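Chain by chain, the residues run as shown.
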Amino acid sequence: MFLISCPFCGPREESEFSYGHEGHIARPADPDSLSDAEWADYLFMRKNPKGWHYERWNHARGCRRWFNVARHTVTHEIRAVYKMGDPPPAIEP
Amino acid sequence: MTMIDFSLRRSPLAHRGLIARAASDAAAREAGVTLGEQPHRCQINLRGDAGDSGFLAAVEDVTGLRLPVEPNTVATVEDLSALWLGPDEWLIVGPGGREGDLTGGLRGALEGRHFAVTDVSEARTVIAISGPHARDLLAKGTSLDLHPRVFGPGRCAQSGIAKATMILHQLDANGDGADGAGADEQPTFEIYIANSFADYLWTWLERAAAEYRVAVTAG
């Protein structure tokens with residue numbers, strides 16, 4: 001268990017949140033022009049890094065808003081919490 | 001619009017006969033925790049743009065409430081309160097029976113703006129928890145930080161308790177406490193709990209409160 005600081009409600013326990021997987025994946029502007037492999041890459045392929053990960057969370061038991069988190073997948077350290085639409089902040093490795 | 005037949009409403013805790021079980025005032029004062037249901041409260045979910053001063057003014061015209069924009073806070077004027085639920089969402093609560101005039105008044109005043117007014121009154125009931133051990137009882141079931149420096153009178157939060165989802169509101173100190181105790185020593189909380197979870201949560205609260213000496217109150 002760890003604390004996540006919802007950008008709207010403040011720090012709350014992890015159990016109040018639901019995980020939204022990797023963030024900043026843009027939907028292709030023209031899906032019809034993609035090959036099956038490119039479409040499959042957009043739909044299914046994720047970075048799954050061992051280290052810093054930019055990911056989406058939803059404050060499901062609180063304000064129900066989505067936001068972004070920069071979390072280390074090994075230590076669970078959270079270095080940044082930022083709103084949807086904001087660019088991912090640079091993280092020192 | 002269908003008229004609500006208020007006489008047919010039945011609270012989700014009605015079968016427990018809580019009013020018949022209510023302790024005497026003296027026994028309630030001795031208790032570490034008091035529990036009571038306040039059913040059929042008017043609850044209106046309001047969505048709109050907090051940055052639109054016209055939206056805020058229109059809501060204030062109808063309800064007298066200046067919608068709180070600070071997270072996790074509550075604005076109260078007379079018998080109406082607005083609980084902050086999110087950056088563009090509030091729960092307006094008041095005495096049962098106000099549903100029609102509030103929803104109608106808000107929809108009329110907000111016409112032409114981007115908004116949503118939804119009567120959710122019968123979705124949840126309210127369990128009031130009071131007494132010197134009220135905070136200890138809640139702390140058994142929620143991960144919220146309830147320390148008075150973080151969560152005090154006039155604050156609210158959506159969170160979980162005993163795995164159920166709740167809206168928690170700590171009432172303003174009303175100053176008529178039996179021994180003049182402040183809100184820190186005799187806090188009063190209200191839990192808004194979905195009807196379908198109310199019986200479960202009541203059972204949990206009453207058992208969890210047993211060690212503090214619990215008394216049932218009529219409201």
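Residues numbered from 1 in each chain as written. Chains lettered and ligands numbered in written order. Predicted model: local features only at pLDDT ≥ 70, side-chain atom pairs only at ≥ 80, totals over all residues. Heavy atoms only, no water.

1. Concerning the overall build of chain B
For step 1, the next point in the chain: Counting secondary structure elements, chain B contains six helices and eleven strands.
For step 2, the next point in the chain: A globule of 219 residues ought to have a C-alpha radius of gyration of about 17 Å, and chain B, at 18 Å, matches this closely.
For step 3, the next point in the chain: In chain B, which comprises 219 residues, the share counted as buried stands at 46%.
For step 4, the next point in the chain: A sequence separation of at least 24 residues applies to 67% of the contacts in chain B between residues at least 6 apart.
For step 5, the next point in the chain: Carbon and sulfur atoms form 50% of the exposed surface of chain B, whose accessible area is close to 10,200 Å². (Helix = DSSP H or I, 4+ residues; strand = E, 2+ residues; numbered from the N terminus. Rg over C-alpha atoms; globule rule 2.2 N^0.38 Å. Buried < 20%, exposed > 50% of the residue type's maximum accessible area, 1.4 Å probe, protein only. Contact = heavy atoms within 4.5 Å. Areas by Shrake-Rupley, 256 points an atom, 1.4 Å probe, with all protein chains shown as cover.)

2. Looking at the interface of chain A and chain B
For step 1, the next point in the chain: In this assembly, ten residues from chain A lie in contact with 18 residues from chain B.
For step 2, the next point in the chain: For the pair chain A and chain B, the two sides together bury roughly 1,100 Å², of which 38% comes from carbon and sulfur.
For step 3, the next point in the chain: Seen at the junction of chain A and chain B, the total is three salt bridges.
For step 4, the next point in the chain: Close ionic contact of glutamate 89 of chain B with arginine 64 of chain A constitutes a salt bridge, the shortest N to O distance being 3.0 Å. (Buried area = accessible area lost by both parts, 1.4 Å probe. Salt bridge = Lys/Arg side-chain N within 4 Å of Asp/Glu carboxyl O.)

3. Observations regarding the sheet that holds strand β3 (residues 18-22) of chain A
Residue and element names in this part refer to chain A.
For step 1, the next point in the chain: The antiparallel open sheet is built from four strands, whose spatial order is β3-β4-β5-β6. Sheet topology places β3 and β6 (78-83) at the edges, where each strand pairs with a single neighbour. With strand direction ignored, the average angle separating the axes of adjacent strands in the sheet is 30°.
For step 2, the next point in the chain: Bridge count for strand β5 (residues 66-72) against β6 is five bridges, and the pairing is antiparallel. Among the inter-strand pairings, valine 69 is bridged to a residue of β6, identified as valine 81. (Pairing = 2+ DSSP bridges. Axes fitted to C-alpha atoms, helices over the stretch in contact; angles between N-to-C directions.)

4. Quick word on a nonpolar patch on the surface
For step 1, the next point in the chain: Residues Leu43, Phe44 and Met45 of chain A make up a contiguous nonpolar surface patch of about 330 Å² in total accessible area.
For step 2, the next point in the chain: Mapped onto the elements of the fold, phenylalanine 44 of chain A is located in helix α1 (residues 36-44). (Patch = residues over 30% accessible without salt bridge, like charges linked within 9 Å, V, L, I, M, F, W, Y side chains within 5 Å.)

5. Some remarks on the sheet that holds strand β11 (residues 214-216) of chain B
Residue and element names in this part refer to chain B.
For step 1, the next point in the chain: Ordered in space as β8-β9-β10-β7-β1-β11, the six strands form an open sheet in which the pairing is mixed. Unpaired on one side and paired on the other, β8 (155-161) and β11 mark the two borders of the sheet. Strand-to-strand twist of the sheet, defined as the mean angle between neighbouring strand axes without regard to direction, takes the value 25°.

6. Topic: the side chain of glutamine 43 of chain B
For step 1, the next point in the chain: On the secondary structure map, glutamine 43 of chain B appears in strand β2 (residues 42-47).
For step 2, the next point in the chain: The contacts of glutamine 43 of chain B, once residues within four sequence positions are left out, are Leu91, Ile92, Val93, Thr118, Asp119, Val120, Ser121, Arg124 and Tyr192 of chain B.

7. Digging into the domain arrangement of chain B
Residue and element names in this part refer to chain B.
For step 1, the next point in the chain: Along its sequence, chain B is organised into domain 1 (16-40 + 123-216) and domain 2 (42-119).
For step 2, the next point in the chain: Measuring from the centre of the C-alpha atoms in domain 1 to the corresponding centre in domain 2 gives 25 Å.
For step 3, the next point in the chain: Taken together, the eleven residues of domain 1 in the interface contact 14 residues of domain 2.
For step 4, the next point in the chain: For the pairing of domain 1 and domain 2, the buried interface totals around 1,100 Å² over both sides, and the portion due to carbon and sulfur atoms is 50%.
For step 5, the next point in the chain: Summed over the three residues of domain 1 that lose the most area to domain 2, namely Arg155, Cys156 and Tyr192, the buried surface amounts to 42% of that side.
For step 6, the next point in the chain: Scanning the region where domain 1 abuts domain 2 turns up one salt bridge.
For step 7, the next point in the chain: Close ionic contact of glutamate 70 with arginine 155 constitutes a salt bridge, the shortest N to O distance being 3.8 Å.
For step 8, the next point in the chain: The interface formed by domain 1 and domain 2 contains four residue pairs in polar contact (both at pLDDT 80 or more). (Domains from an automatic or database assignment. Polar contact = N/O pair within 3.5 Å; in protein donor to acceptor, adjacent residues only side chain to side chain.)

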